[in-house]
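Chain residues, written in single-letter form:
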Amino acid sequence: MGIEIVACQPEHSKVIAEICAIGWQQTVEGKLSEKYQEIAKQVWYTEERVKNEINKGIYKYSAIADGKVVGTIGGELNKERLSWIWVLYIDEAYRYQGIGKKLLQAYSKDHQEAGATEQWVTVMDENFRGIPFYESNGFVAQERVVKKTETDEDEIVWKYKRSLR
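The text that follows walks through the structure, step by step, so that each part is easy to find. This structure is a prediction, so every number in the text was calculated from the model and none was measured. (Residues numbered from 1 in each chain as written. Predicted model: local features only at pLDDT ≥ 70, side-chain atom pairs only at ≥ 80, totals over all residues. Heavy atoms only, no water.)

## Some words on the packing of helix 1 (residues 13-28) against helix 2 (residues 34-44)
As a packed pair, helix 1 and helix 2 sit with axes 11 Å apart at the nearest point and diverge in direction by 150°. Considered as vectors, helix 1 and helix 2 are oriented roughly antiparallel to each other. When you trace helix 1 past helix 2, the crossing you get is right-handed. For the pair helix 1 and helix 2, the contacting residues are Ala21, Trp24, Gln25 and Val28 in the first and Tyr36, Gln37, Glu38, Ala40 and Lys41 in the second. A per-class count over the contact of helix 1 with helix 2 returns five nonpolar, two polar and two charged. (Axes fitted to C-alpha atoms, helices over the stretch in contact; angles between N-to-C directions. Helix = DSSP H or I, 4+ residues; strand = E, 2+ residues; numbered from the N terminus. Parallel < 35°, antiparallel > 145°, perpendicular 65-115°, else oblique. Left-handed = near helix turned anticlockwise from the far one by under 90°. Contact = heavy atoms within 4.5 Å. Nonpolar A, V, L, I, M, F, W, Y, C, P; charged D, E, K, R; others polar.)

Structure follows, in structure tokens:
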């Protein structure tokens with residue numbers, strides 16, 4: 001299977017929204033209520049929002065395999081030159097095949113070339129898919145954060161960082 005990493009395109013938005021919604025929901029399953037999950041999916045992972053964020057450069061790269069979009073990565077390089085990853089999701093049928101690493105490498109290279117020396121990501125507590133991935137790619141836990149959701153639930157996340165030098 002050949003994997004191609006390409007710039008996200010507006011026509012990728014529907015599939016990206018689906019991949020992200022499913023991946024996020026799997027991450028929070030059993031941790032946050034179904035009510036909150038539905039609210040959050042309708043805020044963050046609609047086709048329209050993803051398309052707008054592709055146009056703004058937030059969703060940066062898509063992974064293409066077997067002629068279709070199977071993963072994405074996005075975030076920002078902020079004014080302090082810190083690289084932030086906001087989304088990195090892979091279609092369930094294509095996980096554990098090195099696609100996430102390829103997306104991370106392309107994204108990180110762009111930010112390094114733009115002057116970033118650190119990269120950050122926020123990962124849901126007990127995320128058995130995300131935490132091992134980020135740790136195996138040099139990220140180290142920095143801070144545990146508890147946030148209240150719109151449904152008054154505790155959302156527990158970890159901020160991770162790594163050097164891009």
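Still to come is the rest of the account.
## Brief notes about helix 2
Structural remark: α-helix, 3.6 residues per turn; residues separated by three or four positions point the same way. Regarding helix 2, the residues found buried are Tyr36, Gln37, Ala40 and Lys41. Along helix 2, the residues classed as buried sweep out an arc of 130° about the axis, all on the same side. Opposite the buried face of helix 2, by more than 90 degrees, sit the exposed residues Lys35 and Gln42. Residues of helix 2 that are buried sit in contact with helix 1 and strand 7 (154-163). (Buried < 20%, exposed > 50% of the residue type's maximum accessible area, 1.4 Å probe, protein only. Arc of directions from axis to C-beta.)

## Examining the nonpolar core
Counting residues in each nonpolar core, the largest one holds 22 residues, and the members touching the most others are Ile16, Trp24, Tyr45, Tyr59 and Tyr89. Secondary structure elements with two or more residues in this core: helix 1, helix 2, helix 3 (47-55), strand 2 (59-65) and strand 4 (82-90). Top contributing element to this core by residue count: helix 1, with seven residues. With 21 residues, the next largest nonpolar core counts Ala63, Ile90, Val123 and Ile131 among its residues. (Core = buried A, V, L, I, M, F, W, Y, C linked by side-chain atoms within 4.5 Å.)

## A word on the environment of glutamine 142
With respect to the secondary-structure elements, glutamine 142 resides in strand 6 (residues 140-148). By relative accessible area, glutamine 142 is classed as partly exposed at 38%. Taking C-alpha positions, glutamine 142 is 10 Å from valine 121, a pair spaced 21 residues apart along the chain. Ignoring any residue separated from it by four or fewer positions in sequence, one finds glutamine 142 in contact with Trp120, Lys159, Tyr160 and Lys161.

## Brief notes about the layout of surface pockets
Estimated volume of the largest pocket: approximately 1200 Å³. Together, 45 residues line the largest pocket, and Trp86, Val87, Leu88, Tyr89 and Thr122 are the ones closest to its centre. Here the element with the most residues in the lining of the largest pocket is strand 4; it accounts for seven residues. Among the residues forming the lining of the largest pocket, the class breakdown is 27 nonpolar, nine polar and nine charged. (1 Å grid on protein atoms, 1.4 Å probe; cavity = no way out; pocket = protein on both sides within 12 Å on 5 of 7 lines; lining within 4 Å. Points joined across faces, edges and corners; volume = space filled by probe spheres on them.)

## A word on the side chain of glutamine 119
On the secondary structure map, glutamine 119 appears in strand 5 (residues 118-124). Glutamine 119 gets classed as buried once you look at its relative accessible area, which sits at 0%. Side-chain polar atoms of glutamine 119 contact the side chain of serine 108, separated by 3.1 Å. (Polar contact = N/O pair within 3.5 Å; in protein donor to acceptor, adjacent residues only side chain to side chain.)

Interpretation note: all reported values are geometric properties and have no functional meaning in isolation.
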